[in-house]
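What follows is the residue order along each chain.
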Amino acid sequence: MATSAQPTRDDFAALLDASLGENQSFEGRVVRGVVTALENEFVVIDVGLKSEGRVPLREFAGLDGKTDLKVGDEVEVFVDRVENSQGEAMLSRDRARREASWDALETKFAAGERVEGVIFGRVKGGFTVDLSGAVAFLPGSQVDIRPVRDVTPLMNLPQPFQVLKMDRKRGNIVVSRRSILEESRAEARTGLISSLAEGQIVDGTVKNITDYGAFVDLGGIDGLLHVTDMSYKRVNHPSEVLNIGDVLRVQIVRINRDTQRISLGMKQLEADPWTTAAAKYAVDTKHKGRVTNITEYGAFVELEAGIEGLVHVSEMSWVKKNVHPGKIVSTSQEVEVIVLEVDEEKRRISLGLKQAQRNPWEVFAETNPVGTIVEGEVKNATEFGLFIGLDGDVDGMVHMSDIAWGMTGEGALARHHKGERVSARVLEVDIEKERISLGIKQLDEQGGTGAATGTRNTSGGDWKKNDIVTVTVVAARDGGLDVKIGEDGPDCYIKRNDLSRDREDQKAERFQPGQKVDAMVVGFEKGRKPMLSIKALQITEEKEAVAQYGTSDSGATLGNILGAAFNKAREESEKN
């Protein structure tokens, strides 16, 4: 009797595959089954395997938590395992829905189509969305176009979403509600823009105010109302004329259909004041206005609402040169101006502030003709002369050659200083060049001939220029002499270079305290305090001697001339 061969391990495997092969092909798949029973919280389902499976009843519940399953209904379930330790099939309705949902989502994601879902929970950084069984993440930034403080009204409501990203292997889905809203808004904007036209007048609501303008809602689309289009008059900031929530009537100035941008205007609904500006503000006419803005190059003056002119800094003052306009006028100040030029095409008006006032050089020429004696303060001493402040805020100049007779210009300049009050004679007034020439030495009309003799003033008090006074030396210093006029006269100071006409005698130490010395009044300090010079007296006496006794050319020496003059002066003194 032949013995049969023993089955090998491979044979057992083949027999097992033959027995279970059909059942193993069910695992990991979604299959259709029939409800055979409803037991408490479970549903018994037959999917055609050796045994039935049980699925929790809650997995069949809808959004309201209720289920309407009954025996005999066909349902789709996911087969996790064909048989567990109790011999039952392990089935899942949630997994079946999830798998079916993923299949549908992948198809719609590839096609760029929208999906429907329900926001049902909160997580860090966003919310969870049920997409017919598949759970997706909705970032907080993708909920709405604008930040949403309270999402409660949006939860548990079926609504469309756009799938931004999905990874089936990791079970990761990211969706957006914002992209749906933006797409809808873009469609609405396109439709609204197509219904608008440039020049059309519409109503809108102010939504936002910036430094450069305001955004106005035209019913689903925003337009920009620039600050320069709010009014013909100057508007420094939109908040001066608008508030958020204001309802405005505006005109559509410009539409860019490619960028969907709309420019609006309010002033376009008003009459343009520039249409009559040229006739109303003719050249050389005088008008009143209000200073609205001050810059480094001038000031803007509002003549009426919407009409502004520029007063250039060069046209602001006759006498104040190279100063900031803010030192001449102030904002909101009312001023009188003269129209200098009107450019209606460029909407510009040039104004003059100084032209509305009389030229101070003309006024000075009328009130102070040539030869008039004027008085003023030395405002500046330069290397070529003195500048004297005169009435009307104008300056006159005394050239160094017109300060004193018989002296060098440098020596004459040294006698005067800033702040000193002096008298001078008007020599010339050039209105066009804005120049006034003055002379101090011309006050001594005969000084040029050498015939004028200084008057000796011994009474004190009422000193005049060229008076001869006797002073007492109080003290000798390196720079000059401290002296006193008379008994009760003022204390004065004689500079070193005024001690003698000869340089070698200009030494203060050759004078002794208590010594009497004659000097000439050559000017006055503040308070009419005399300025004295021994040198000027010597020069004057020399000129007089030459005039009376001849010159060295006639055969007489300078010593003879001066000797004769001194002898005569001594004789006259002895007689008195």
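Above this text you will find the structure in question.
Everything quoted here is computed from the prediction, not taken from an experiment.

Enquirer: Let's hear about the overall build of the protein chain: which residues, and what values?
Expert: Regarding its fold elements, the protein chain presents eight helices and 30 strands. In the protein chain, which comprises 576 residues, the share counted as buried stands at 38%. Contacts in the protein chain between residues at least 24 apart in sequence constitute 56% of all its contacts with a sequence separation of at least 6. Total accessible area on the protein chain stands at roughly 33,500 Å², and carbon and sulfur atoms take up 48% of it.

Enquirer: Please provide a residue-by-residue account of the sheet that holds strand S27 (residues 480–485), values included.
Expert: Strands sit in the order S28-S27-S26-S29-S30 across an open sheet of five strands; the sheet is antiparallel. Sheet topology places strand S28 (491–495) and strand S30 (530–533) at the edges, where each strand pairs with a single neighbour. Between one strand axis and the next, the sheet turns through 50° on average, direction left out of account. Relative to strand S29 (residues 516–524), strand S26 (residues 468–477) is paired through five bridges, and the arrangement is antiparallel. Among the inter-strand pairings, valine 471 is bridged to a residue of S29, identified as valine 517.

Enquirer: Now, about the environment of asparagine 368: what can you tell me, with residues and values included?
Expert: Within the secondary structure, asparagine 368 sits in the loop between helix H5 (360–367) and strand S21 (373–381). For asparagine 368, a relative accessible area of 14% gives the class buried. Taking C-alpha positions, asparagine 368 is 7.4 Å from valine 426, a pair spaced 58 residues apart along the chain. Discounting residues that sit within four places of it in the chain, asparagine 368 has contacts with Val374 and Val426. At a separation of 2.9 Å, a polar atom in the side chain of asparagine 368 contacts the side chain of threonine 367.

Enquirer: Report on the pattern of salt bridges, specifying residues and quantitative values.
Expert: Enumeration according to the criterion identifies 21 salt bridges in this entry. Of the charged contacts, one joins glutamate 302 and arginine 290 as a salt bridge, the two residues approaching to 3.0 Å between their closest N and O atoms. Within this pair, whereas glutamate 302 is found in strand S17 (residues 298–304), its partner arginine 290 is found in strand S16 (residues 286–295), the two being separated by 12 residues in sequence. Since its relative accessible area comes to 14%, glutamate 302 is described here as buried.

Enquirer: Before we move on, could you go through the nonpolar core and cite the residues and values that matter?
Expert: By size, the foremost hydrophobic cluster in this structure holds 23 residues, and its most contacted members are Leu386, Ile388, Leu390 and Leu438. Elements with a minimum of two residues in this core: H5, S21, strand S22 (385–390), strand S23 (394–399), helix H6 (409–413), strand S24 (421–430) and strand S25 (435–439). Once residues within four sequence positions are removed from consideration, isoleucine 388 is found in contact with Gly376, Glu377, Val378, Lys379, Val394, Asp395, Gly396, Val398, Val422 and Leu438. Within the second largest apolar cluster, 20 residues are counted, among which are Leu218, Leu225, Val235 and Ile262.

Enquirer: Please set out the packing of aromatic side chains residue by residue, giving values where relevant.
Expert: All chains considered together, the criterion is met by three aromatic pairs. Ring plane angle 85° and centroid distance 6.4 Å describe the contact between tyrosine 297 and phenylalanine 300, whose orientation is recorded as edge-to-face. Looking at phenylalanine 300, the relative accessible area reads 18%, which means it is buried. Seen in terms of ring centroids, phenylalanine 384 and phenylalanine 387 are 6.2 Å apart; in terms of plane orientation they differ by 85°. Their pairing is edge-to-face. Residue classification places phenylalanine 387 among the partly exposed residues on the basis of a relative accessible area of 25%. Against the face of phenylalanine 300 rests arginine 234, its NZ or CZ located 5.1 Å from the ring centre.

Enquirer: Break down H5 for me, with residues and values.
Expert: All buried positions along H5 are accounted for by Pro360, Trp361 and Phe364. Angular distribution of buried residues about the axis of H5 spans 100°; they occupy a single face of the element. In this structure, the buried residues of H5 make contact with S21, S22, S23, S24 and S25. The residue sitting at the N-terminus of H5 and contributing the capping side-chain oxygen is asparagine 359; that oxygen lies 2.9 Å from the backbone nitrogen of tryptophan 361.

Here is what the cut-offs are and how they apply
- Residues numbered from 1 in each chain as written.
- Predicted model: local features only at pLDDT ≥ 70, side-chain atom pairs only at ≥ 80, totals over all residues.
- Heavy atoms only, no water.
- Helix = DSSP H or I, 4+ residues; strand = E, 2+ residues; numbered from the N terminus.
- Buried < 20%, exposed > 50% of the residue type's maximum accessible area, 1.4 Å probe, protein only.
- Contact = heavy atoms within 4.5 Å.
- Areas by Shrake-Rupley, 256 points an atom, 1.4 Å probe, with all protein chains shown as cover.
- Pairing = 2+ DSSP bridges.
- Axes fitted to C-alpha atoms, helices over the stretch in contact; angles between N-to-C directions.
- Polar contact = N/O pair within 3.5 Å; in protein donor to acceptor, adjacent residues only side chain to side chain.
- Salt bridge = Lys/Arg side-chain N within 4 Å of Asp/Glu carboxyl O.
- Core = buried A, V, L, I, M, F, W, Y, C linked by side-chain atoms within 4.5 Å.
- Phe/Tyr/Trp six-rings, centres within 6.5 Å; stacked < 30°, edge-to-face > 60°.
- Lys NZ or Arg CZ within 6 Å of the ring centre and 35° of its normal.
- Arc of directions from axis to C-beta.

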